[in-house]
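Descriptive structure summary
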Amino acid sequence: MSQKSGELKAQGVDVINLSVGEPDFNTPEHIKEAAKKAIDDNFSRYSPVPGYPALRNAIVEKLKKENGLEYTAAQISCANGAKQSVCNAILVLVNPGDEVIVPAPYWVSYPEMVKLAEGTPVIVPAGIEQDFKITPAQLEAAITPKTKALILCSPSNPTGSVYSKEELAGLAAVLAKHPQVIVIADEIYEHINYIGKHQSIAQFPEMKERTVIVNGVSKAYAMTGWRIGFIAGPEWIVKACNKLQGQYTSGPCSVSQKAAEAAYTGSQAPVEEMRQAFERRRDLIVKLAKEVPGFEVNVPEGAFYLFPKCSSFFGKAVGERKINNSDDLAMYLLEVAHVACVGGTSFGAPECIRMSYATSDENIIEAIRRIKEALAKLG
């Protein structure tokens, strides 16, 4: 959708892009200054595979201070973005035929990464009526002797759903009965949440040694292009990830690591400023989307996505154009309303569409106005 909207923009069409999964803010100044200094200080050579000790120690302090979790630098491995961190964990844990539980809606790459490792993704659907979060009963039902891992994303891309401490405790109680299951906890949107303190499943004593936390600087610090992510977890898993990464990419960018170190050790004021802006936009887009006839809307508690259910439009048409699914609807909104959204099929939720509100208030207001107008034409 980003590509298609770019093509339309190149033709002079005024497209509002709600398809992007990155903050629309610039990287904070003190982080950019640290990167400039790193260049001047000649941080231009290969870095250690798991990242510089200074960065890993900064992450250890972050986890202790913000999350109350104790790790050592040997339990941290940095990679070229959180995406590689997730993939590293899956590749070292999953053998051919192993099952990995993937709650749906899911980030598009999770099932594909499992397939890359020759594992079997086991999709567990959670609809809008349960705020897109799986229940302990659903988790219990999905676990078999072949289950190797559960991928848990909170706050979630694409839904913005956030698991509370109580909800995570319920899942942890189920997992306690199945010690062979490792949790890959993707917490990349940790700082973009609207319900207070972030909760990690690693906080429960029975889960600490069975959880691989995945995080990074891309979303919280508006550093998507800097490509620094990390895992924190049991040392045996981290060592395996280091061995794997050492063979196919080696350590992440040296300059980006010094920038990430500054992100974790410097002022956190820009993080809170961005979070507040996202929360204001969340309130705005939820209010406006609830006024669109045919949309079913919940209130996301984190990230910067709205994931309305839009199946009421399936089967409707305007002229020769018929809407069969959410991908059709997203294409219709792009070509008719000139608003780029993403159909939910690739997220395992074909009844929904994803809208990113990482854009200005003005764009949000105008985008929903156009969407409302375009949908009213369907009959």
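These numbers come from a predicted model, not from an experiment.

Here we look at the environment of Phe 204
- For Phe 204, the location among the structural elements is in the loop between strand 6 (182-186) and strand 7 (211-216).
- Along the sequence, Phe 204 and Leu 168 sit 36 residues apart, while their C-alpha atoms lie 8.9 Å from each other.
- Sequence-distant contacts of Phe 204, that is, excluding residues within four places in its chain, are made with Lys 165, Leu 168, Ala 169 and Ala 172.

Some thoughts on the UniProt feature "domain: Aminotransferase class I/classII large" (unreviewed entry) in the chain
- The UniProt record annotates "domain: Aminotransferase class I/classII large" (unreviewed entry) at residues 14-371.
- End-to-end, the C-alpha atoms of residues 14-371 are 14 Å apart, and along that stretch the chain is 38% helix and 15% strand.

Some thoughts on helix 5 (residues 109-116)
- Burial in helix 5 covers these residues: Ser 109, Tyr 110, Pro 111, Met 113 and Val 114.
- Where helix 5 is buried, its residues touch helix 4 (82-93), strand 3 (99-104), strand 4 (120-125), strand 5 (147-153) and strand 6.
- Where helix 5 ends, the next residue or the one after it, Glu 118, has phi of about 65°, a positive value.

Some details on the side chain of Asn 193
- Mapped onto the elements of the fold, Asn 193 is located in the loop between strand 6 and strand 7.
- A relative accessible area of 6% places Asn 193 in the buried class.
- Within the structure, the side chain of Asn 193 is placed 3.1 Å from the backbone oxygen of Gly 196, a separation counted as a polar contact.
- The residues touching Asn 193, leaving out its near neighbours within four places in the chain, are Pro 155, His 198, Arg 275, Glu 301 and Gly 302.

Scoring rules and cut-offs
- Residues numbered from 1 in each chain as written.
- Predicted model: local features only at pLDDT ≥ 70, side-chain atom pairs only at ≥ 80, totals over all residues.
- Heavy atoms only, no water.
- Helix = DSSP H or I, 4+ residues; strand = E, 2+ residues; numbered from the N terminus.
- Contact = heavy atoms within 4.5 Å.
- UniProt positions renumbered as here; feature names shortened; annotations may be inferred.
- Buried < 20%, exposed > 50% of the residue type's maximum accessible area, 1.4 Å probe, protein only.
- Polar contact = N/O pair within 3.5 Å; in protein donor to acceptor, adjacent residues only side chain to side chain.

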